[in-house]
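Residue-level structural notes
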Amino acid sequence: MKHTILALLQQHSGTFLSGADISRRLGVSRASVWKDITALRQEGFTIEAATNRGYRLTDGPTFLHTTEVLRLLTTKHMGRAFTLDDKVDSTNRRALSAAEAGAPDGAVFATLEQTEGRGRMGRPWYSPTHADASLMMSVLLRPRTPVVNAAQITLVAGLAVYQGIEDLLTDPPDSMSSPIPSYSPIPSSSPEPATPKTGIKWPNDIIINGKKTAGILTELVAEIEHIKAIAVGIGINAQIMRFPPELNDSATSLSLETGRTYSLNGLAASVLNRFEPLYDRFLENGFLSDILPIYQKNCVTLGQDIKAVYNNKEIYGRAVTINARGELIIRLATGSDTALNSSEVSVRGLMGYT
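Our subject in this report is the structure included herewith. Keep in mind that this is a model prediction, so the values were computed, not measured.

1. A look at the pattern of salt bridges
According to the stated counting rule, one finds 13 salt bridges in the structure shown. With a closest N to O distance of 2.8 Å, arginine 94 and aspartate 85 form a salt bridge. Overlapping salt bridges, with partners in common, bring together Asp21, Arg24 and Arg25 in one network.

Laid out in structure tokens, this is it:
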């Protein structure tokens, strides 16, 4: 009943709906309506109450809430099966376990707290315990494509996260009815930061003003040559205001770079709304169609002098392009080109994180 009342208030967003009207429509007592309104407020929804006018929904929670994510989705299937846990060890493990139980393509598994989050190359993923600090979710995919195309899916996911963050950063504050929810400034005496410069660090880190804001880890289960299931783990630093000393030079968050707070519901929906059409185009037309050119245009690694670590050996060169397999092509000092696979190497720019 609580979620039914929330849906009713969302349908009348911005206007008052009387308690008597709600109780009549739903066939419950006004005391029951008040109890559920109180519960929604405790979950982070801002609901205004006025005598002789009723209730009005004015804002939603910044932390993840299944109903809010579903309301903001424009997808046909991705994210429509949305599971939110209070605490898990790893959303990727959660997704792959659910895959064995028959979870569908496009199912999403998110959490408020992750105890064993990981990045690429086995690195730990830093995520504070307060509920709106980071977006942590995994998208379960069941693509009918050869295992060799898994790296391409990783890049497709990176582009989707980049576009989703860009949508959130460039759209102005809006009302609760907007596909991108409103956000409010963090109290500060300093001037508001300039529009942040975003980009993709190959293969799938999202960079804002030269520092990492989001990362993606793809893990798969395969049968001989074909992918059975793939978990695309997505971690986005949202409201993190302080990082451990060892991450200060390389990590940042949306709030640190913009001086604003963001709803994780809008962030999750924005990424999924971008991911589905890119994924569908990839399955239909392949990576080379119109996905690779867009990725290359927004990849800040290209044109950079980089260091790649492969089998504990360092390789230096200039990143020149990305090929049809999603590999990064670097030109060595000798003039020869080398292709780097995202699952095998760690890449770092010589003049900064990118």
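2. A few points about unusual backbone geometry
Note the cis peptide between tryptophan 202 and proline 203, where omega equals 5 degrees. Relative to the assigned elements, proline 203 resides in the loop between strand E6 (198-201) and strand E7 (205-208). Within the chain, asparagine 52 stands out as a residue other than glycine whose phi angle is a positive 65 degrees. Looking at where asparagine 52 falls in the secondary structure, it is placed in the loop between strand E1 (46-50) and strand E2 (54-59). Here asparagine 52 falls in the exposed class, since its relative accessible area comes to 80%. One non-glycine residue with positive phi stands out, namely asparagine 209, at about 50 degrees. In this structure, asparagine 209 sits in the loop between E7 and strand E8 (211-223). For asparagine 209, a relative accessible area of 40% corresponds to the partly exposed category.

3. Points about the packing of aromatic side chains
To describe a pair of aromatic rings, one takes the distance between the centres and the angle between the planes. Scanning the entire structure with this criterion turns up two aromatic pairs. Taking the centre distance of 6.3 Å and the plane angle of 75 degrees together, the rings of phenylalanine 275 and tyrosine 279 count as edge-to-face. Of this pair, phenylalanine 275 and tyrosine 279 both sit in helix H8 (residues 264-285), separated by four residues, roughly a single helical turn. As far as the burial class goes, phenylalanine 275 and tyrosine 279 line up, both buried.

4. Focus on the pairing of strand E4 (residues 108-111)
In regular strands, side chains alternate between the two faces of the sheet. Residues of E4 alternate between two faces, with Val108 and Ala110 on one and Phe109 and Thr111 on the opposite face, all of them buried. Sheet analysis places strand E3 (residues 82-85) next to E4, joined by four bridges and oriented parallel. Of the residues in E4, the one forming a bridge with threonine 83 is phenylalanine 109. For the crossover that starts at E3, traverses helix H5 (residues 91-100) and ends in the parallel E4, the hand is right-handed.

5. Concerning the sheet that holds E4
One open sheet accounts for seven strands, arranged E3-E4-E5-E9-E8-E7-E6; its pairing is mixed. Each of the sheet's edge strands pairs with one partner strand only, and the pair in question is E3 and E6. Between one strand and the next, the sheet's axes are offset by a mean angle of 20 degrees, whatever the strand orientation. With 10 bridges joining them, E8 and strand E9 (residues 226-237) adopt antiparallel strand pairing. Opposite isoleucine 216, over in E9, you have isoleucine 234 as the bridge partner. Here H5 sits on the sheet and contacts E3, E4, strand E5 (134-141), E8 and E9; the angle it forms with E9, its principal contact strand, is near 150 degrees.

6. Quick look at helix H2 (residues 19-26)
Burial in H2 covers these residues: Gly19, Asp21, Ile22 and Ser23. Where H2 is buried, its residues meet helix H1 (2-11), helix H3 (30-42) and E2. Trailing H2 by a residue or two, glycine 27 shows a phi angle of about 70 degrees, which is positive.

What counts and how
Residues numbered from 1 in each chain as written. Predicted model: local features only at pLDDT ≥ 70, side-chain atom pairs only at ≥ 80, totals over all residues. Heavy atoms only, no water. Salt bridge = Lys/Arg side-chain N within 4 Å of Asp/Glu carboxyl O. Helix = DSSP H or I, 4+ residues; strand = E, 2+ residues; numbered from the N terminus. Buried < 20%, exposed > 50% of the residue type's maximum accessible area, 1.4 Å probe, protein only. Phe/Tyr/Trp six-rings, centres within 6.5 Å; stacked < 30°, edge-to-face > 60°. Pairing = 2+ DSSP bridges. Right-handed = clockwise from strand over helix to strand, strands pointing away. Axes fitted to C-alpha atoms, helices over the stretch in contact; angles between N-to-C directions. Contact = heavy atoms within 4.5 Å.

Don't take any of this as a statement about function, it's just geometry.
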